[in-house]
Amino acid sequence: MREKLYRIEKRVMLNAEEIRLRAGSGLSMLSAGREIAVDVGKISSGELADVICAASGASIHTVAANIREGFMTAENGHRIGICGTAAVKNGEICGINNYSSLSVRIAKEIKTAAEGLPELINSSGQIASLLIISPPGGGKTTLLRDLVRRLSDNGTRVALADERGEIAAMKSGVPTMDVGKCTDVMDMAPRAEAAMFLLRAMTPQIIAMDEISSEHELAAARSVAGCGIAILATAHGSAEDLKTKKRYSRLIEDGVFDNIVMINGSGSERGWKFVRGSELV
Amino acid sequence: MKAAGALLVILSCSVFGLSMAHSLRKRAEFLHSLVGLLTVMRNELCTSLLPVREVLDMLSRHGTGSAREFFSSCLKQLEDRDFKTAWTAAALGSRVWGMDDEECRMLAELGGVIGRYEAEKQRELIDRAVEYFDMRAKLADEEKRRQYKLRAALGIGSGLMLAILMI
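These numbers come from a predicted model, not from an experiment.

This part takes up the overall build of chain B. Helix and strand counts for chain B come out as 6 helices and 0 strands. For chain B, the N- to C-terminal ordering of α and β elements is α-α-α-α-α-α. Here the C-alpha atoms of chain B give a radius of gyration of 20 Å, more than 25% beyond the 15 Å that 2.2 N^0.38 yields for 167 residues. Taken along the three principal axes of its C-alpha coordinates, chain B extends 70 × 35 × 25 Å. Counting over 167 residues, chain B shows a buried share of 34%. In chain B, of all internal contacts separated by at least 6 residues, the share reaching a separation of at least 24 is 70%.

As a further point, take the overall build of chain A. Along the backbone of chain A there are 10 helices and 15 strands. In terms of overall dimensions, chain A is globule-like: its C-alpha atoms have a radius of gyration of 19 Å, near the 19 Å expected for 281 residues. Once the C-alpha set of chain A is aligned to its principal axes, its extents read approximately 60 × 45 × 40 Å. When each of the 281 residues of chain A is scored for burial, the buried share is 40%. Expressed as a percentage of contacts within chain A between residues at least 6 apart in sequence, the contacts between residues at least 24 apart total 58%.

Okay, the packing of helix H4 (residues 83-92) of chain B against helix H5 (residues 101-109) of chain B next. All names here are of chain B. The N-to-C vectors of H4 and H5 enclose an angle of 165°; their axes lie 8 Å apart at closest approach. On the basis of their axis angle, the class for H4 and H5 is roughly antiparallel. Once H4 is placed against H5, the crossing between them reads as right-handed. Facing Thr88, Ala91 and Leu92 of H4, the residues of H5 in contact are Cys104, Leu107 and Ala108. Residues that form the contact of H4 with H5 fall into these classes: 5 nonpolar, 1 polar and no charged.

Before going further, it helps to spend a moment on the nonpolar core. Within the largest apolar cluster, 55 residues are counted, with the highest numbers of intra-cluster contacts made by Leu160(A), Ile207(A) and Ile231(A). Ignoring anything within four residues of it in the chain, the contact list for Ile207(A) reads Ala159(A), Ala161(A), Ala195(A), Leu198(A), Leu199(A), Val224(A), Ile229(A) and Ile231(A). Counting residues in hydrophobic clusters, the runner-up holds 36 residues, among them Phe83(B), Ala86(B), Ala90(B) and Ile126(B).

Residue and element names in this part refer to chain A. Relative to the elements of secondary structure, Leu242 occurs in helix H8 (residues 239-244). Classification of Leu242 as buried rests on a count of 20 C-beta atoms within 10 Å. C-alpha separation for the pair Leu242 and Ile260, spaced 18 residues apart in sequence, amounts to 9.5 Å.

Accessible area lost when the parts come together is the quantity often used to give the size of an interface. Residue and element names in this part refer to chain A. If you check the domain split of chain A, you get domain 1 (2-105) and domain 2 (130-280). Centre-to-centre, using C-alpha coordinates, domain 1 lies 26 Å away from domain 2. In terms of residue class, the side of domain 1 that touches domain 2 is made up of 2 nonpolar, 5 polar and 3 charged.

All right, on to the packing of helix H1 (residues 2-46) of chain B against helix H2 (residues 52-62) of chain B then. When two helices pack together, their arrangement is given by the angle between their axes and by how far apart the axes lie. Residue and element names in this part refer to chain B. The contact between H1 and H2 brings their axes to 10 Å, and the two run at 145°. In this structure, H1 meets H2 at a crossing whose hand is right-handed. Residues Leu37, Val40, Met41, Glu44 and Leu45 of H1 touch H2, and the partners they reach there are Val55, Met58 and Leu59.

This paragraph deals with the sheet that holds strand E5 (residues 79-89) of chain A. Residues and elements named next belong to chain A. Strand order in the open sheet formed by 6 strands is E3-E2-E1-E6-E5-E4, and the pairing between neighbours is antiparallel. Two strands close off the open sheet at either side, each with one partner strand: strand E3 (34-38) and strand E4 (71-73). Geometrically, the sheet is characterised by an average inter-axis angle of 35° between neighbouring strands, direction not taken into account. As defined by bridge partners, strand E1 (residues 18-22) adjoins strand E2 (residues 27-31) across 4 bridges and the pair is classed as antiparallel. Opposite Leu21, over in E2, you have Leu27 as the bridge partner. Helix H3 (residues 45-55) contacts E1, E4, E5 and strand E6 (92-105) of the sheet and is inclined by roughly 90° relative to E6.

Rules and cut-offs
Residues numbered from 1 in each chain as written. Chains lettered and ligands numbered in written order. Predicted model: local features only at pLDDT ≥ 70, side-chain atom pairs only at ≥ 80, totals over all residues. Helix = DSSP H or I, 4+ residues; strand = E, 2+ residues; numbered from the N terminus. Rg over C-alpha atoms; globule rule 2.2 N^0.38 Å. Buried ≥ 20, exposed ≤ 12 C-beta atoms within 10 Å, placed from the backbone. Contact = placed C-beta atoms within 7 Å. Axes fitted to C-alpha atoms, helices over the stretch in contact; angles between N-to-C directions. Parallel < 35°, antiparallel > 145°, perpendicular 65-115°, else oblique. Left-handed = near helix turned anticlockwise from the far one by under 90°. Nonpolar A, V, L, I, M, F, W, Y, C, P; charged D, E, K, R; others polar. Core = buried A, V, L, I, M, F, W, Y, C linked by C-beta atoms within 7 Å. Domains from an automatic or database assignment. Pairing = 2+ DSSP bridges.

Take a look at the structure:
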């Protein structure tokens, strides 16, 4: 498999946002929203299993719980989505056999991602909460990571609830991505529980978490805000969802988030729009 | 001159006999230590869910007995090859500790198990290997008990016999 990947041109690899591998078919790269097939010959299900094994550092047991959820995070924060034949027990997926597709989302650290965003800390030292909204693959995590780094390097205590290990990409307790000097990271724990844990344990000024969506996670965000701690969070959605989906609009109405960043477009045409919560209410 | 020759014959035969006897001790000690370290490995992989590389690092630093060399050799080889290949190469290298072909093959087969399955499945398969090596360690003890003195005595005895014949 490694040899097949080495055949791909470096230029193609550098522009890739995602690599897709399909058993019985081949490999394709996702770049600027377009999927481009790359001729490396047919890939077998066994080779996909080898990719997962290698990505886990020959330690499938450490990521088994994530694989049951359909993904795993490799070293350096690359997220691998997994598809195959599900083994079901009592109506729940208890494992995946005969892997059929993998989608490797390449984690990129862009230290200019948050450039141009208004300051979240006002002159009196108050920190404003921020919700980043975009469709999947829009660059939410990259923007969140850079925001965390900037705030942290300015001396703000940031606690990071990194459920999928994509933001800080921890290795042996040390972040491999730059998340700033004053950031405390709890990774691989459910984000709602991690947020409450960090609130109790690390006395943060900001709690950051990726992709809040369930009622449980939104309730955790509400609890954190209720304790006077600012929140940086991301969510799947579009500008329209802010008006139509009550779960988000209520958070803004209740003042859990003071500001919104909406990411739109993809690749080089990607951009964002900053909106004050008060303008939406 | 004859006396010096005889002495040399006695000495070399004795050394040969003693080294044969020592290989029995070395083999038994390695198998016992392997059982102990594989048990630690199973616990760290299946209960603490530590990654394989961390467990290998821990065993090669803090493991007791000669089997530590096996884990440290595997860790070293892991730098430029995948886990299964590194483990197999280290397992085949265990012949120097007196392991026979079947034992080396059993140990090498574990390379296709460790890190490739969920914790419970790994526990089951490592347990089976631990049971096997424990049985082999007991047989090695028995063999050592029966043959250690015999091999040493045969070495020294044959040296003396040759010396007498020479003189």
